[in-house]
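A closer look at the structure
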Amino acid sequence: MSETLETVAVKYEVLRKKLAKLLEEHRVQDKLEKGWFRLSGDEPCLDVAGRPPIVLSAVDGGNNKRSFLSFDLYVIKASAQGFTLGIDGSLRKAFSKKIVDVDVIIPTEGSGDRLTLYRQVAETKMLYYSLARSSLVLGDGSVESLVTRPIHAKLELLDMEDSGEIYIDCEELEKMVLRDIDENPYQAMSVKSIVEEVSMDKSLGQDKAWRRILYLEILEKAVVLKLLFDKILNSSSLMVFLTKTGRSRRFFNAPVSDQYVLSATTREAGYYLNSDVSFNKPREMIKELPRKCGLRELVERLTFVRGLVRLENNAPVIGMEVIYNADRIPYSQREVFTGVLGILRLISPGGYPQPLYIVDRETHIDNREVEEVALALGLSMAPTGREVLEYE
């Protein structure tokens, strides 16, 4: 640590100037003047999610694992918490739904990306569950990251791989997923048992088995996304994603992230919309959606609004994306965005929505919790392969 701090001391001025130069060299003032709107607190709150009281909900998920020599033990949590929002901004509990999964990843190949995919699937199931019961659903992150990550398990692979030997289709898997959402709170992935059967099938070569496993897991992600987007399309509910630490540079095209630009140049509560970006469909993301299960066609029918918001003076800047069916909500895209913003300001003491804070706490999984799971399963002494690096 002392060597690291010594390096910081030596390079302090250079690093400070470099960070300042990243922002100064790019002219963002013109874009700020056109797109940044301060909030006074007196703005009308349009009834974009219906007349209050309304039901809104928040969804988040978490995962962690302990790697042993022969396998990875994981814990996944996904939580959906619904609240009735009163006219005065009060929140009262409306519903609660969770998935808590403890298991091992079989086979062990690509366990890191597959664990991310498992957690995404569990979260998306909870988003779908919430949309059926809420006027407005808050999700952590962005739809872009949900669709495009993990990078080694791309949804578009479904249109490239030969599915002729896969004995489950979108409709059959959808029935399995819906059954699990209703009846099985202990399993993130509905195809888990099928994946394990494929892994143990000695008649398949390793490469063929792996491709089949990857296809099955990506197919389930496509199915739950199809359920989610179809629910948005066939309701008047709003899906809202909030990004705390986004690295996107789509608005200012600066060397640093949009959120950093706005954090460094503004302090007041407000929002930023760019007419060239905010009201257009995210075409690059849609290109990565497969035609399998009708997913790409479905998303083409939805409306997206993307911008940046600060909910209180001096609070962090948050990326905000609203997804909805414009045929069912009689407001312009800007009005929908600002209407959602008005709702969020009612429930965001400190500048972040309280419901999202609650589900974040509920789904956090620290290393100690995974260690306790390993201990309960009698795995505390199982070899990890790192024993030679452990010190007393």
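For the structure itself, look to the data block above.
Read on for an overview of the structure. Since the structure is predicted, the reported quantities are computational estimates derived from the model, not experimental observations.

The strand order across the open sheet built from nine strands is 1-7-8-9-6-5-2-3-4, with neighbouring strands paired in mixed fashion. Each of the sheet's edge strands pairs with one partner strand only, and the pair in question is strand 1 (36-38) and strand 4 (91-104). Neighbour to neighbour, the strand axes of the sheet diverge by 20 degrees on average, direction disregarded. Sheet topology places strand 5 (residues 136-140) next to strand 6 (residues 238-243); five bridges connect them, and they run parallel.

Those residues of helix 13 (residues 367-376) that fall on the buried side of the exposure criterion are Val370, Val373 and Ala374. Along the axis of helix 13, the buried positions cluster into a sector of 100 degrees, meaning they face one direction only. Relative to its buried face, helix 13 has exposed residues pointing more than 90 degrees away, namely Arg368, Leu375 and Ala376. At its buried positions, helix 13 is contacted by strand 2 (54-67), strand 3 (72-85) and strand 4. One or two steps after helix 13, the chain reaches glycine 378, where phi turns positive at roughly 75 degrees.

Another point: helix 6 (residues 192-200). Burial in helix 6 covers these residues: Lys192, Ile194, Val195 and Val198. Seen end-on, helix 6 carries its buried residues on one side only, within an arc spanning 160 degrees.

What follows deals with the pattern of salt bridges. Counted under the stated rule, the structure contains 17 salt bridges. Residue arginine 66 pairs with glutamate 371 through a salt bridge whose shortest N-O separation is 2.8 Å. Linking arginine 66 in strand 2 with glutamate 371 in helix 13, this pair joins segments that are 305 residues apart in sequence. What emerges from the salt-bridge pattern is a single network uniting Asp103, Lys192 and Glu196.

A few words on the pairing of strand 2. With ten of 14 residues buried, strand 2 is to be regarded as a mostly interior element. Across 14 bridges, strand 2 lies against strand 3 in antiparallel orientation. By the bridge assignment, lysine 65 is partnered in strand 3 with tyrosine 74. Bridge count between strand 2 and strand 5: four bridges; the pairing is parallel. Bridging across to strand 5, valine 59 finds its partner in glycine 139.

With that out of the way, let us pick up the packing of helix 5 (residues 170-183) against helix 7 (residues 206-233). Where helix 5 contacts helix 7, the two axes come as close as 10 Å, and the packing angle between them is 75 degrees. It follows from the interaxial angle that helix 5 and helix 7 lie roughly perpendicular. Each of Cys170, Leu173, Glu174, Val177 and Leu178 in helix 5 lies in contact with helix 7, whose residues at this interface are Leu219, Glu220, Val223, Val224, Lys226 and Leu227. Partitioning the contact of helix 5 with helix 7 into residue classes produces eight nonpolar, no polar and three charged.

The rules we used
- Residues numbered from 1 in each chain as written.
- Predicted model: local features only at pLDDT ≥ 70, side-chain atom pairs only at ≥ 80, totals over all residues.
- Heavy atoms only, no water.
- Pairing = 2+ DSSP bridges.
- Helix = DSSP H or I, 4+ residues; strand = E, 2+ residues; numbered from the N terminus.
- Axes fitted to C-alpha atoms, helices over the stretch in contact; angles between N-to-C directions.
- Buried < 20%, exposed > 50% of the residue type's maximum accessible area, 1.4 Å probe, protein only.
- Arc of directions from axis to C-beta.
- Contact = heavy atoms within 4.5 Å.
- Salt bridge = Lys/Arg side-chain N within 4 Å of Asp/Glu carboxyl O.
- Parallel < 35°, antiparallel > 145°, perpendicular 65-115°, else oblique.
- Nonpolar A, V, L, I, M, F, W, Y, C, P; charged D, E, K, R; others polar.

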